[in-house]
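Structure at a glance
Chain by chain, the residues run as shown.
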Amino acid sequence: MPAEEVTLEVGTPKGLFTGTFPKTAKVEDVIAAAVDSLGLDRGDTLELVYNGQPLTPVNRPLVSFGLAGTVQLELVATGDGV
């Protein structure tokens, strides 16, 4: 039986955020958890990047990107300020 959760190790400007999420969690939920945990600026436009590819749109579930087990991601700021 496949695992129902995925562990994400997310590199951010303020350090590493590690969290375990249901594989049906949305990308935007992971971003919000990292922002809350590390005190990142909520005004920034952020996206998760996996192997150089942004996980968009953010309302897609993690499982739709094929993420399983323990996955390393990056949280990067996008938009006008970058």
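Everything below is about the structure shown above.
To start, this report covers the structure provided alongside it. Remember, it's a predicted structure, so these values are computed and weren't measured experimentally. (Residues numbered from 1 in each chain as written. Predicted model: local features only at pLDDT ≥ 70, side-chain atom pairs only at ≥ 80, totals over all residues. Heavy atoms only, no water.)

The next thing to look at is the nonpolar core. General note: in soluble globular proteins, nonpolar side chains tend to be found buried as a group. Counting residues in hydrophobic clusters, the biggest one holds 21 residues, and the most contacted among them are L8, L48, L62 and L75. Looking at this core, the elements with two or more residues in it are β1 (5-12), β2 (15-22), α1 (27-38), β3 (45-50) and β5 (69-78). Take this core: its biggest share by element is five residues, from α1. In contact with L75, other than residues within four places in its own chain, are V10, G11, T12, P13, I31, A34, L40, L46, E47 and L48. (Core = buried A, V, L, I, M, F, W, Y, C linked by side-chain atoms within 4.5 Å. Buried < 20%, exposed > 50% of the residue type's maximum accessible area, 1.4 Å probe, protein only. Helix = DSSP H or I, 4+ residues; strand = E, 2+ residues; numbered from the N terminus. Contact = heavy atoms within 4.5 Å.)

All right, on to the packing of aromatic side chains then. Counting across every chain of the model gives one aromatic pair. Measuring from centroid to centroid gives 6.4 Å for F17 and F21, while their planes differ by 50 degrees, and the two rings are tilted. Here the basic side chain of R60 rests over the ring of F65, its NZ or CZ set 4.0 Å away from the ring centre. (Phe/Tyr/Trp six-rings, centres within 6.5 Å; stacked < 30°, edge-to-face > 60°. Lys NZ or Arg CZ within 6 Å of the ring centre and 35° of its normal.)

Here we take up the pairing of β2. Taken together, the eight bridges between β1 and β2 define a ladder with antiparallel strand orientation. Within β2, the residue paired with V10 across the bridge is F17. Here β1 folds back onto β2 in antiparallel fashion, the turn holding two residues. (Pairing = 2+ DSSP bridges.)

Strand order in the open sheet formed by five strands is β2-β1-β5-β3-β4, and the pairing between neighbours is mixed. Only two strands of the sheet have a single partner each, and these edge strands are β2 and β4 (53-54). Here two bridges tie β3 to β4, and the two strands are oriented antiparallel to one another. Bridge assignment links Y50 to a residue of β4, and that residue is Q53. Docked against the sheet, α1 engages β1, β2, β3 and β5, running at close to 135 degrees with respect to β2. (Axes fitted to C-alpha atoms, helices over the stretch in contact; angles between N-to-C directions.)

So, on to the side chain of T12. By the secondary structure assignment, T12 is in strand β1. The exposure class of T12 is buried, given its relative accessible area of 12%. A polar contact is formed between the side chain of T12 and the backbone nitrogen of K14, at a distance of 3.1 Å. A distance of 2.6 Å separates the side chain of T12 from the backbone oxygen of G15, its partner in a polar contact. In this structure, T12 is in contact with L38, L40 and L75, ignoring residues within four places of it in sequence. (Polar contact = N/O pair within 3.5 Å; in protein donor to acceptor, adjacent residues only side chain to side chain.)

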